[in-house]
Amino acid sequence: MIWNEHYECMEREELLKLQGERVKEMVKRVYDTVPFYRQKLQEAGIEPGDIKGIEDLQKLPFTTKQDLRDNYPFGLFAVPQPDIVRFHASSGTTGKPTVVGYTHNDIQMWSEVVARSLTMAGVTKADIIQVAYGYGLFTGGLGLHYGAEKVGASVVPISGGNTKKQLQLIEDFGSTVLACTPSYAAFIGESLVEEKIDPRKIKLKSGVFGAEPWTQEMRAQIEQVLGIKAYDIYGLTEIIGPGVSMECQFQRGMHIFEDHFIPEIINPDTGELLPYGELGELVFTPATKEAMPLIRYRTRDLTRLHADKCQCGRTLVRMEKCVGRSDDMLIIRGVNVFPSQVESVLLEMSETKPHYLIVVDRENNLDTMEIQVEIEEEFFSDEVKELEGLRHRIKANISSTLGISATIRLVEPGTIERSMGKAKRVIDKRNL
Amino acid sequence: MIIKQLSVFLENKTGRLTELTGILADNDINISAFSIADTADYGILRMIVGRPELAAQVLKEKGFTVKITDVVGMIISNRPGGLHKALQIISDNNVAIEYMYAFASGESKATVVIRADSLQKIIDVLQEHKMELLKEGDVIQV
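Residues numbered from 1 in each chain as written. Chains lettered and ligands numbered in written order. Predicted model: local features only at pLDDT ≥ 70, side-chain atom pairs only at ≥ 80, totals over all residues.

### Concerning the overall build of chain B
The test is simple: Counting from the N terminus, the helices are the DSSP runs of H or I reaching at least four residues and the strands are the DSSP runs of E reaching at least two. Whether a residue is buried, exposed or partly exposed follows from its count of other C-beta atoms within 10 Å of its own C-beta, namely 20 or more, 12 or fewer, or something in between, respectively; the C-beta atoms are built from the backbone. Whether two residues are in contact depends on their C-beta atoms, placed from the backbone: they are in contact if these lie within 7 Å.
Looking only at helices and strands, chain B features four helices and seven strands. For chain B, the N- to C-terminal ordering of α and β elements is β-α-β-β-α-β-α-β-β-α-β. For chain B, buried positions account for 27% of its 142 residues. Considering only contacts in chain B between residues 6 or more positions apart, those separated by 24 or more positions represent 66%.

### Focus: the packing of helix α5 (residues 104-120) of chain A against helix α6 (residues 139-151) of chain A
Residue and element names in this part refer to chain A. Our working rule: Each axis is a line fitted through C-alpha atoms, and for a helix only the stretch in contact is used; angles between axes span 0 to 180 degrees, taken between their N-to-C directions. Note that the term roughly parallel is reserved for angles under 35 degrees, roughly antiparallel for angles over 145, roughly perpendicular for angles of 65 to 115, and oblique for everything else.
Following both chains from N to C, one finds α5 and α6 inclined at 75°, their axes separated by 7 Å at the closest point. The orientation of α5 relative to α6 falls into the category roughly perpendicular. Contact residues: α5 offers Ile107, Trp110, Ser111, Glu112, Val114, Ala115, Ser117, Leu118 and Thr119, while α6 offers Gly143, Leu144, Tyr146, Gly147, Ala148, Lys150 and Val151.

### Examining the interface of chain A and chain B
Here is the rule: Gly counts as polar in this scheme, as do all residues outside two lists: the nonpolar Ala, Val, Leu, Ile, Met, Phe, Trp, Tyr, Cys and Pro, and the charged Asp, Glu, Lys and Arg.
Opposite the 13 residues of chain A that make contact, chain B presents 14 residues. Each residue belonging to the side of chain A that touches chain B can be placed in one class, and the counts come to six nonpolar, two polar and five charged.

### Quick notes on the environment of A:Ala287
Residue and element names in this part refer to chain A. Within the secondary structure layout, Ala287 lies in the loop between β11 (280-286) and β12 (297-303). Distance in space between the C-alpha atoms of Ala287 and Phe261 is 6.4 Å, their sequence separation being 26 residues. Other than its neighbours up to four places away in sequence, Ala287 contacts Gln19, Arg22, Val23, Met26, His260, Ile262 and Pro293.

### Section: the nonpolar core
Operational definition: Remark: nonpolar core denotes a set of buried Ala, Val, Leu, Ile, Met, Phe, Trp, Tyr and Cys residues whose joining runs through C-beta atoms within 7 Å.
Of all hydrophobic cores here, the largest spans 90 residues; its most connected members are A:Ile129, A:Val131, A:Ala179, A:Ala185 and A:Val208. Take this core: its biggest share by element is seven residues, from α5(A). Counting 51 residues, the second largest nonpolar core, distinct from the first, contains A:Ile408, A:Leu410, B:Phe9 and B:Tyr42.

### A look at helix α8 (residues 182-194) of chain A
All names here are of chain A. Here is the rule: The length a helix should cover is 1.5 Å for every residue beyond the first.
For α8, which comprises 13 residues, the first-to-last C-alpha distance of 18 Å matches the rise-based estimate of 18 Å (1.5 Å per residue) to within 8%. Regarding α8, the residues found buried are Pro182, Ser183, Tyr184, Ala185, Ala186, Ile188, Gly189 and Leu192. Residues of α8 that are buried in the fold lie against α7 (163-173), β5 (177-180), β6 (206-210), α9 (216-226) and β19 (366-375). Downstream of α8 by a residue or two, Lys196 has a phi angle that is positive, lying close to 55°.

### Description of the sheet that holds strand β10 (residues 261-266) of chain A
Residue and element names in this part refer to chain A. Applicable threshold: A strand pair is defined by DSSP finding two or more bridges across the two strands.
If you trace the four strands from one edge of the open sheet to the other, you get β10-β11-β12-β15, paired in antiparallel fashion. The strands lining the two open edges of the sheet, one partner per strand, are β10 and β15 (324-325). Pairing analysis gives six bridges linking β10 to β11, with the strands arranged antiparallel. By the bridge assignment for β11, Ile262 is matched with Thr285.

### Notes on the sheet that holds strand β4 (residues 154-156) of chain A
All names here are of chain A. Reading across the sheet, the nine strands line up as β4-β3-β5-β6-β7-β8-β9-β14-β13 and stay open at both edges, with mixed pairing between neighbours. Here the strands that pair on one side only, and so sit at the sheet edges, are β4 and β13 (305-306). Strand direction decides the pairing type here: β5 and β6, joined by four bridges, are parallel. Residue Leu178 lies in a different strand from β6, and its bridge partner there is Gly207. Where α9 meets the sheet, it contacts β6 and β7 (229-236), and its direction lies at approximately 130° from that of β7.

### Considerations on the packing of α7(A) against α8(A)
Residues and elements named next belong to chain A. Across the interface, α7 lies against α8 with an axial gap of 10 Å and an inter-helix angle of 75°. In this view, α7 runs roughly perpendicular relative to α8, as classed from their interaxial angle. Between α7, through Thr163, Gln166 and Leu167, and α8, the contact on the second element is made entirely by Phe187, Ile188, Ser191 and Leu192.

### As for the environment of A:Val85
Residue and element names in this part refer to chain A. Mapped onto the secondary structure, Val85 falls in strand β1 (residues 84-90). When the 13 C-beta atoms within 10 Å are taken as the criterion, Val85 is described as partly exposed. If we ignore the near neighbours within four places in the chain, the residues touching Val85 are Tyr102, Thr103, His104 and Ile107.

### Describing the environment of A:Tyr135
Residues and elements named next belong to chain A. Within the secondary structure, Tyr135 is located in the loop between β3 (128-131) and α6. Residues Tyr135 and Ile158, 23 residues apart in the sequence, show an inter-C-alpha distance of 8.5 Å. Residues within four places of Tyr135 in sequence aside, it is in contact with Gly141, Leu142, Pro157 and Ser159.

### Some thoughts on the pairing of strand β5 (residues 97-105) of chain B
As a general feature of sheets, a regular strand has side chains that alternate between the two faces. Where β5(B) meets strand β6 (residues 109-116) of chain B, eight bridges bridge the pair, whose relative direction is antiparallel. Bridge pairing links B:Ile97 to B:Ala116 in β6(B).

### A word on the confidence of the model for chain B
All names here are of chain B. The condition that has to hold: You can read pLDDT as the predictor saying how much it trusts each residue, on a scale of 0 to 100.
Overall, the prediction assigns chain B a mean pLDDT of 90, with 97% of residues at 70 or greater. By mean pLDDT, β5 is the weakest element of chain B at 89, and helix α1 (residues 16-26) is the strongest at 95. Here the prediction assigns the complex a pTM of 0.69, and the interface score ipTM is 0.82.

### Let's talk about unusual backbone geometry
All names here are of chain A. Residue Pro73 is reached from Tyr72 by a cis peptide bond, and omega for that bond is -5°. Relative to the helices and strands, Pro73 is located in the loop between α4 (65-70) and β1. Unlike most non-glycine residues, Asn162 shows phi in positive territory, near 55°. Inspection of the secondary structure assignment puts Asn162 in the loop between β4 and α7. Given 12 C-beta atoms within a 10 Å radius, Asn162 is considered exposed.

Here it is, written out as structure tokens:
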């Protein structure tokens, strides 16, 4: 099943022409409405008229996460605030989130691409879809929700957590599709076994999992324990949220909805454009976004693109699972975490030194994060309640800045390895 | 009447305590009494030693996190009811104890090391009740 055959199976020639028109229109639009882009284009010596087709895209300057931060919260919006109908946000490196806005049409477009994604996973109006992504500023919950409603499926907007309830509704409602992070899907699977629920009594048939990296082994494990076919969905808040790309039933990479999100692969060090098939940093230009169009946004995700036609009939390019990131961002339980966020929390607290080590692991398929922190000698107290109080204060500050909780381990000053160059701040044991 | 206790932050790592006792032995510092408060990740070692300033200095040089804390040493009789009698006096006077540990010194007496918010109040109360207190000079002989 293909949701929108016109766009998903368009001849590539025609698609490139469409992308060209859309980029052309968008560059003119941001030049007129976003002072940041007008200045950036002027500095690069580019007039909107210079962009005549998709081949001119590579002449344009990049947009980075830092640009989003510098223009916090609404500086990159291309429409006045009354035209915004929704905000979403993801955590940023400095404690300030990355904010995105959506117009009515943006929400429509987003619902469309999620509807296309769900259709790839075989979802139809006959399905009951349990959306166990978090609802709120995070794009996962509401993104899947609107797309599922567009398909006409029956949505169970349960949000994340409360695993007992998840199991109960899977059983009682007969949910056929589960949408959540892969680690939560694995956890639900394990809980199912623990609660001794007979897998034959549940009706789940497919899962739409994303928002964090996962392996083929994990896919096999989830598929086995839940008795489903698991699909990978990709997206990022800055571009739209989930639904930037999605796997079809052949699972040979994720088809990017290129009529809206124009992908490029670049050399992360030089910015030079790389051909299909080569590994590099993924860059997106969400040309049709009204509220916050971005020019050549650098995702920091490393992957390859393939443009040969897929057996499913779609002509859209496919991106491989991301193999890593060109910066130090960690994705823990679906949340973006930058080591520098931890550092800023510790720097603000006089009782600790900014020496720390983040140990990320996966226990029972759930990501765990331990932060080892050196205590400041002069604040050492020989009373347990004082030290435990300190530990809890660090924990609370970390959790309010990062949006996820971490285990805090106090260690002796001087025991965390110092480095003359780039300090080793992270040990990731997850083998992703 | 106030005596100096050495407090050391110790991570729960094999060999860490042995390293510390080695340093004290090398510097000819005697440990008269000690206790360890432990949590899952770390412990706090509290010790009464001869020459606490020197001990703190040598341990710091070796990278330990050390603090000198004021405590009171209360001498009680080493027989049933001895501790109870002393604690009764303290609680009757509403003094809160942060932590304490004890060691027997000979057949007839025991010493209880006490850390409290208001050490002076404990001292006053105990002296009022004619309880014997450890003096700094006594420590080496403990």
